[in-house]
Amino acid sequence: MNKASCSTNPEITVLMSCYNAGRWLHEAIDSVLQQTFKNFEFIILDDGSEDETWNIIQSYCSRDKRIVAIRKENTGLADSLNVGIAHAKGTWIARLDADDLCEPTRLEEQIAFIRKNPEIVLLGTGFLEINDSGSVLKRHSYPAKHDQLLHRLKRSMAFFPHSSAFYRTDLVQRVHGYNPRIKRSEDTDLWLRLSEKGKLGCFKKPLVRIRKHSEQISLDQAGKRQLCDSTAARVCYFLRSSGIPDPSASNEEADWSSFLEWVENRIDQESVCEKRKAWNAARSEFLQAKNRLTGIIRFSNRLLHSSHTRELLSEKFFGSSLPQRLASEWVKHYIEEHS
């Protein structure tokens, strides 16, 4: 591992992990260095990139002493972020992905809020969705209060983006950071574990810009891998709440593999992916319509011809009950085995 360090006594550590991120890396780094709040270090990890990523990072490190550049073998996002967390000097960590952007006042506004609300251990923000070229597509906002945010987390509802997350360094270190076993939903897993230690909060104001593009990992296998990991993370949360051992924390890799396979099988049995495809098809019909009335008619017709209409509507309005139901099944199985 190669490391170049040039910063001392920062209040905030901005944490970014990069893998073949050369396409948008200049914009992402510039958005951090142009922050109105100045007392930060900027840890940038190159997770074994094969493009120009490391050269770009090095060029910035030579110009700005707040940058800490770390080059390592490719081990994945969760492990790379944990390396960054271990090196962090800031009291708080602000996350940013290499294809996303910070608004200029992001750090200033988040640290000001945290100082006034010390019970908050994780603070997110709304965001502007942008495309490959940076054009704004849509504005997203989320509830501000802990109970509403936790409800969204538990019910698999839309949540503030990883790139807006702002959390306590020492607390994340105490809960052992991101879990590398939950590869495509390591943020959801960490947010749930942090919710057990303190309050969640969120700015409705968009303080980051999130880029949507075809290379994102969430599109792997049409999103199925992320669905399995996010469901597993939530099931583990409910198991911990029930006093049942968390499979993701097991010392035996076979225990975790068996649990994850069981979660995937249950997802298949409940046709979750098929239900999502049906909803996306209905939404596509709506978006492609020439006017709103035609879109509503097409959307309604698509849903009426789906065998999952009730489940689709219930999930979109109230969230998914699947993780909690799976946890109940696992608890019952665990009690029967240990009685």
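Before going into details, it helps to say that this report is about the structure given with it. Computed from a predicted structure; not experimentally measured.

## Section: the overall build of the protein chain
1) Next: Counting secondary structure elements, the protein chain contains 13 helices and 10 strands.
2) Next: Every one of the 339 residues in the protein chain was classed for burial, and the buried ones make up 51%.
3) Next: Carbon and sulfur atoms provide 48% of the accessible area of the protein chain, an area that totals close to 16,600 Å².

## A few points about helix H4 (residues 106–116)
1) Next: For H4, the full list of buried residues reads Arg106, Leu107, Gln110, Ile111 and Ile114. The arc that holds the buried residues of H4, viewed along the axis, is 110°, so those residues lie on one side. Exposed side chains of H4 directed beyond 90 degrees from the buried face belong to Arg115 and Lys116.

## Quick word on the nonpolar core
1) Next: Grouped together as the largest cluster of nonpolar side chains are 57 residues, with contacts concentrated most on Tyr167, Trp191, Leu194 and Phe259.
2) Next: With 9 residues, the top contributor of residues to this core is helix H8 (residues 224–241).
3) Next: Not counting residues within four places of it along the chain, the set of residues in contact with Phe259 comprises Ala232, Val235, Cys236, Leu239, Pro247 and Trp330.

## Looking at the packing of helix H5 (residues 146–154) against helix H7 (residues 186–195)
1) Next: Axis separation between H5 and H7 bottoms out at 11 Å; the angle between their running directions is 140°. As far as their axial angle goes, H7 and H5 are oblique. Of the two elements, H5 crosses H7, and the hand of that crossing is left-handed. Listed contacts from H7 to His146, Leu150, Leu153 and Lys154 of H5 are Thr188, Trp191, Leu192 and Ser195.
2) Next: Grouping the amino acids of the contact of H5 with H7 by side-chain chemistry returns 4 nonpolar, 3 polar and 1 charged.

## Side note on the side chain of Asp189
1) Next: Positionally, Asp189 belongs in helix H7.
2) Next: When its relative accessible area of 0% is taken as the criterion, Asp189 is described as buried.
3) Next: Among the polar contacts made by the side chain of Asp189, one reaches the side chain of Arg193 at a distance of 2.9 Å.
4) Next: Aside from chain neighbours lying at most four places away, what touches Asp189 is Asn179, Ile182, Ala233 and Arg240.

## Section: the side chain of Asp246
1) Next: Following the sequence through the fold, Asp246 ends up in the loop between H8 and helix H9 (253–269).
2) Next: Separated by 2.7 Å, the side chains of Asp246 and Ser248 make a polar contact.
3) Next: Ignoring any residue separated from it by four or fewer positions in sequence, one finds Asp246 in contact with Cys236 and Arg240.

## Thoughts on the pairing of strand S8 (residues 136–140)
1) Next: Strand direction decides the pairing type here: strand S7 (residues 120–130) and S8, joined by 4 bridges, are antiparallel. From the neighbouring strand, Glu129 faces S8, where its bridge partner is Lys138.
2) Next: Hairpin connection, S7 to S8: the antiparallel pair is bridged by 5 residues, and Gly134 has positive phi, about 95°.

What counts, and at which threshold
- Residues numbered from 1 in each chain as written.
- Predicted model: local features only at pLDDT ≥ 70, side-chain atom pairs only at ≥ 80, totals over all residues.
- Heavy atoms only, no water.
- Helix = DSSP H or I, 4+ residues; strand = E, 2+ residues; numbered from the N terminus.
- Buried < 20%, exposed > 50% of the residue type's maximum accessible area, 1.4 Å probe, protein only.
- Areas by Shrake-Rupley, 256 points an atom, 1.4 Å probe, with all protein chains shown as cover.
- Arc of directions from axis to C-beta.
- Core = buried A, V, L, I, M, F, W, Y, C linked by side-chain atoms within 4.5 Å.
- Contact = heavy atoms within 4.5 Å.
- Axes fitted to C-alpha atoms, helices over the stretch in contact; angles between N-to-C directions.
- Parallel < 35°, antiparallel > 145°, perpendicular 65-115°, else oblique.
- Left-handed = near helix turned anticlockwise from the far one by under 90°.
- Nonpolar A, V, L, I, M, F, W, Y, C, P; charged D, E, K, R; others polar.
- Polar contact = N/O pair within 3.5 Å; in protein donor to acceptor, adjacent residues only side chain to side chain.
- Pairing = 2+ DSSP bridges.

So far we have only geometry, and geometry alone does not tell us how the molecule works.
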